[in-house]
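# Examination of the molecular architecture
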Amino acid sequence: MWNTWCSLNDRFQRSFSERADAAAVSSRTADQGIPISSGRGYRRPVEFRVLGSIEVFEEGNGSIALGGPKQRAVLAHLLLRANHLVPTEVLIDEVWGEEPPETARNALQSYASHLRKALGAERLEGSRAGYRLRAEPSELDAVRFQSLLRDARRLLPIDARAAVGAFDHALALWRGRAFADLAAEPSLRAEAARFDEMRLGALEDRIEAQLAIGQQADVIGELEGLTARHPLRERLWEQLMLALYRSGRQGESLAAYQRARDILADELGIDPSPEL
């Protein structure tokens, strides 16, 4: 077990320095590019966190003050396009929408100035063309999550027990819903939903690994909560039915199927898929 953990840990460490896999990034980011190594070191290594409320954490000093919602929204959009130039007009459109105030450009400059002071001048570059936030892939929790998730999914068909630990390692990066403190920002809702979908997929895959190693009793309670929050997600119902059946609770497994069938019929007007 120790050798397996050491090998897994080595994979994690290597994954931190890898470039984000383009296949793990949605088509929306095609014009943004994915975070790549900036090829430089920083006097103040930090962790940029978006898997929860947006936060910049500096080891030894804790969280860095990031200002109000609009300033944090500017940072969020820069982080989504880390190491790539984000045109000023794009930022204004994202943060203020289709009818920005006349003061939007000056406000953006002010927000960028405050962020530069908070993060360090070498982190945030500004010009007439736009702004670029510099960060290493290992400093971006969203990139680390995708890398760790990719490693865990590679392990799943090979070593389900090790995969459970790998999925838990990835999921531990989450502190709440993505961009939780900026839920009112329309321009971030699609990205937040994309990240949240990735998290839910990781949970499903981890439960699949647990079922594969006979931990069905351990996942029933979690699956009950997940099906209540995501009642139209058939894979969760399938996993709950299987976990109940394997735990000797065949009647409850059938009842779960009946609940799923009723919900799908009432909400979508469809029957369960053949898999369910």
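The structure under discussion appears in the preceding block.
Bear in mind the structure is a predicted one, so any value in this text is a computation, not a measurement.

## Looking at helix α8 (residues 216-229)
Here α8 contains 14 residues, and its C-alpha end-to-end distance of 20 Å stays within 8% of the 20 Å for a straight helix at 1.5 Å per residue. Along α8, the sharpest kink reaches roughly 30°, centred on E222. Within α8 the residues assigned to the buried category are Q216, V219, I220, L223, L226 and T227.

## With respect to the sheet that holds strand β1 (residues 46-49)
The three strands lie next to each other as β1-β2-β3, forming an open sheet whose pairing is antiparallel. The open sheet terminates on both sides in strands that have one partner only, identified here as β1 and β3 (62-63). In the sheet, strand β2 (residues 55-58) pairs with β3 via two bridges, with the strands oriented antiparallel. Bridge pairing in β3 links F57 to S63.

## Digging into the sheet that holds strand β6 (residues 130-133)
Taken together, the three strands give an open sheet; going across it, the order is β4-β6-β5, and neighbouring strands pair in antiparallel fashion. Since the sheet does not close on itself, it has two edges, and those belong to β4 (86-87) and β5 (124-126), each with one partner. Summarising the sheet, β5 and β6 pair through three bridges and their orientation is antiparallel. Note on β6: the bridge partner recorded for E125 is R132. Each of β4, β5 and β6 is contacted by helix α2 (residues 69-80), which is oriented at about 70° to β6, the strand it contacts most.

## Here we look at the packing of helix α7 (residues 186-212) against helix α9 (residues 234-246)
For the pair α7 and α9, interaxial distance at closest approach is 11 Å and the crossing angle is 20°. Regarding the angle of α7 to α9, the classification is roughly parallel. Every pair of crossing elements has a handedness; the one defined by α7 and α9 is left-handed. Where α7 approaches α9, its residues L200, G201, E204, D205, I207, E208 and L211 are matched on the opposing element by R235, L236, Q239, L242, A243 and R246. Residue composition of the contact of α7 with α9, grouped by class: six nonpolar, two polar and five charged.

## Let's talk about the packing of α2 against helix α4 (residues 104-119)
Where α2 contacts α4, the two axes come as close as 10 Å, and the packing angle between them is 75°. In this view, α2 runs roughly perpendicular relative to α4, as classed from their interaxial angle. Two secondary-structure elements touch here, α2 through K70, Q71, V74 and L75 and α4 through L108, Y111, H114, L115 and L119. Looking at the contact of α2 with α4 residue by residue, the classes come out as six nonpolar, two polar and one charged.

What counts, and at which threshold
Residues numbered from 1 in each chain as written. Predicted model: local features only at pLDDT ≥ 70, side-chain atom pairs only at ≥ 80, totals over all residues. Heavy atoms only, no water. Helix = DSSP H or I, 4+ residues; strand = E, 2+ residues; numbered from the N terminus. Expected span 1.5 Å × (residues − 1). Bend = angle between axes of the 7 residues up to and from the residue. Buried < 20%, exposed > 50% of the residue type's maximum accessible area, 1.4 Å probe, protein only. Pairing = 2+ DSSP bridges. Contact = heavy atoms within 4.5 Å. Axes fitted to C-alpha atoms, helices over the stretch in contact; angles between N-to-C directions. Parallel < 35°, antiparallel > 145°, perpendicular 65-115°, else oblique. Left-handed = near helix turned anticlockwise from the far one by under 90°. Nonpolar A, V, L, I, M, F, W, Y, C, P; charged D, E, K, R; others polar.

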